[in-house]
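Letter by letter, the chains look like this.
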Amino acid sequence: MSKIQKPKGTLDILPADISLWQYIEQAVRETAKINGFSEIRMPTFEYTELFCRGVGDTTDVVGKEMYTFTDKDGSSLSLRPEGTAGVARSVIENGLYAGAMPLKLFYLSNFFRREKPQAGRSREFWQFGTELYGSSSPEADAQVIMLAYGLFKKLGLTKVTLRINSIGCKECRPQYRESLLNYFSGYEKELCDTCRERLQKNPLRVLDCKSPVCSGIAKDAPKTLEHLCESCNTHFEKLKAILDACGVEYIVDPSIVRGLDYYTGTVFEFTVDSIGAQSTVCGGGRYDGLLSSIGGPELPAVGFGMGITRLIQALKDESLVPEFDNGCDIYIAALGEAAALPVFMLGQKLRDAGISAETDICGRSLKAQMKYADKAGARFVLVVGENEINQNSAELKNMRNGEKTTVNLTADDIIGNIKR
Ligand code: ATP
Ligand code: MG
């Protein structure tokens, strides 16, 4: 029979890689906790309308890349392509906006986009995301940026560049939109099909287009920063002053507009050049209009999404992946049939006491058991035969330094000796 393979663009996270994932997940959770962010878990799929209204149907993510299907009752559902819209929906539906403000949430979840799979880009991928609701101050932007920065520092990354920009609010965006439209209209024939189509509806999207022709044209397009209103400008200047005061280096990069419609004001990315074309490890910004656009109250918000696989690549490139010791604490080998049950029971007593103990469950010879113990990375090995059982003692071997000690065949004595 032919073999079945995983769908294109998905990935298996194998036991050999899981320690690194868990290491990152732990660093994420610790960093979130220090910053006062609580975890939230959303459904894997939502009504399609949420993403159309929340993220915007002129975006690539929603317009081109979503996994959408019709449920048996005729409703349209989509696998979540990002986290912000789902969190916003949950904040409204559960009335979280009525609690203490600011509301600080984070998620560590998988998302789905039907993109062209390549290095740093898959169809199912993982993001660490933060959402801070209830503050429109630049300090809130700064805390979210500093949280990401803090995580990179905690993991030891040094080659991360922070890029910031402001894309204006509902006061100044319309003017900017006009001048963009003017500019791009002069190149209408040269733009890619998608951009030509979305030009009238959302000219900002052209700035984010990955096609070389469009991004070439976009290089000389009018810059958002030249069109900011007084209040957006003050906000941006304050954010820069906070980052300066905290010693965080950044580049003001007018090419950063972010690919999702809900952004207003501050936008930012953290990039790592060494990881290749998909160099954005983290992208985020402010989205003050999102909650009200999906039926909630007016509530300012700021947050980011960080790609875990790109983060892993960055760690690998800087040789920052720690050595993980996943070996079991002890392997107890049974010599002869009479030893099998006592050895299994001893192993179970140790497991009950919280020690990772392995014993033979394949009916193997002593030699084969020892080979397995080695593969399992056992820290200690104990060989128990009939003699040992009769004497109620055996030789405990430390596999890291070769040291041997005689121990009683009781869980307490063994634990005392392997914990030393
Ligand atoms: P890109 O410009 O690289 O497509 P994006 O603007 O679509 O990114 P966001 O929607 O802001 O990305 O998601 C935040 C982060 O999630 C990205 O910076 C990236 O690290 C990660 N990410 C996004 N899409 C993918 C994907 N298909 N595969 C792996 N990681 C992804
Ligand atoms: Mg994308």
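Heads up: the structure comes first, above all this text.
A quick note: this is a predicted structure, and the numbers were derived from the prediction, not measured.

A. Representation of the side chain of H235. Mapping H235 onto the fold places it in helix α10 (residues 230-245). Polar contacts involving the side chain of H235 include one to the main-chain carbonyl oxygen of S136, which spans 3.4 Å. Excluding residues within four positions of it along the chain, H235 makes contact with S136, S137, P138, D141, T266 and R286.

B. Molecular detail of the sheet that holds strand β7 (residues 161-166). Strand order across the open sheet formed by eight strands is β1-β5-β6-β11-β10-β9-β7-β8, with mixed pairing between neighbours. Looking along the sheet, the strands with just one partner apiece sit at the ends: β1 (38-39) and β8 (251-252). Note that β7 and strand β9 (residues 266-271) share six bridges and pair antiparallel. Note on β9: the bridge partner recorded for R163 is E269. Helix α1 (residues 15-34) rests against β1, β5 (103-112) and β6 (124-133) of the sheet, and its axis sits at about 160° to β5. The sheet contacts of α10 involve β7, β8, β9 and β10 (280-286), and relative to β7 the element is tilted by about 160°.

C. Region of interest: the sheet that holds strand β2 (residues 45-47). Pairing within the open sheet is antiparallel, and its three strands lie in the order β2-β4-β3. Both edges of this open sheet fall to β2 and β3 (68-70), since each of them pairs with a single strand only. The sheet shows a mean angle of 35° between the axes of neighbouring strands, taken without regard to direction. Pairing geometry for β3 and strand β4 (residues 76-79), over three bridges, is antiparallel. Its bridge partner being in β4, T68 is matched across the sheet by S78. The sheet strands contacting helix α2 (residues 48-56) are β2, β3 and β4, and the helix crosses β2 at an angle near 80°.

D. The site of ligand 1, seen in detail. Ligand 1 sits among 17 residues. The nearest are R113, E115, R121, S122 and R258. At a separation of 2.9 Å, an oxygen atom of ligand 1 approaches a polar side-chain atom of R310. Here ligand 1 has 580 Å² of accessible area as a free molecule, and 93% of this is covered by the chains. Those elements that provide at least two residues to the shell around ligand 1 are β6, β10, β11 (301-307) and α12 (308-317). Tallying contributions element by element places β10 first for the shell around ligand 1, with four residues. Split by residue class, the shell around ligand 1 holds three nonpolar, eight polar and six charged.

E. Focus on the environment of Y133. Structurally, Y133 is set in strand β6. For Y133, a relative accessible area of 1% gives the class buried. It is 67 Å that separates the C-alpha atoms of Y133 and Q391, two residues lying 258 residues apart in sequence. Excluding its chain neighbours within four sequence positions, the residues that come into contact with Y133 are T84, V87, A88, V91, M101, P102, L103, L291, L299, P300 and A301.

F. Local environment of the packing of α1 against α12. At a minimum axis distance of 11 Å, the contact between α1 and α12 shows a crossing angle of 105°. By the angle between their directions, the pair α1 and α12 is classed as roughly perpendicular. Residues L20, W21 and I24 of α1 touch α12, and the partners they reach there are I308, T309, L311, I312, L315 and K316. Of the residues belonging to the contact of α1 with α12, the class tally is seven nonpolar, one polar and one charged.

G. The arrangement of α2 in detail. Buried within α2 are the following residues: T48, L50, F51, G54, V55 and G56. The buried side chains of α2 occupy one side of the element, clustering within an arc of 155° when seen end-on. Looking at the buried residues of α2, the elements they touch are β2, α3 (60-63), β3, β4, α4 (84-93) and α11 (290-293).

H. Region of interest: unusual backbone geometry. A cis amide bond links M101 with the next residue in sequence, P102, at an omega value of 0°. Along the chain, P102 turns up in the loop between α4 and β5. Notably, S319 is not glycine yet its phi reads approximately 50°, a positive angle. Tracing the sequence through the fold places S319 in the loop between α12 and β12 (330-334). At N392, a position not held by glycine, the phi torsion is positive, near 55°. Structurally, N392 is set in the loop between α15 (386-391) and β15 (393-398).

Definitions and cut-offs
- Residues numbered from 1 in each chain as written.
- Chains lettered and ligands numbered in written order.
- Predicted model: local features only at pLDDT ≥ 70, side-chain atom pairs only at ≥ 80, totals over all residues.
- Heavy atoms only, no water.
- Helix = DSSP H or I, 4+ residues; strand = E, 2+ residues; numbered from the N terminus.
- Polar contact = N/O pair within 3.5 Å; in protein donor to acceptor, adjacent residues only side chain to side chain.
- Contact = heavy atoms within 4.5 Å.
- Pairing = 2+ DSSP bridges.
- Axes fitted to C-alpha atoms, helices over the stretch in contact; angles between N-to-C directions.
- Near = heavy atom within 4 Å.
- Areas by Shrake-Rupley, 256 points an atom, 1.4 Å probe, with all protein chains shown as cover.
- Nonpolar A, V, L, I, M, F, W, Y, C, P; charged D, E, K, R; others polar.
- Buried < 20%, exposed > 50% of the residue type's maximum accessible area, 1.4 Å probe, protein only.
- Parallel < 35°, antiparallel > 145°, perpendicular 65-115°, else oblique.
- Arc of directions from axis to C-beta.

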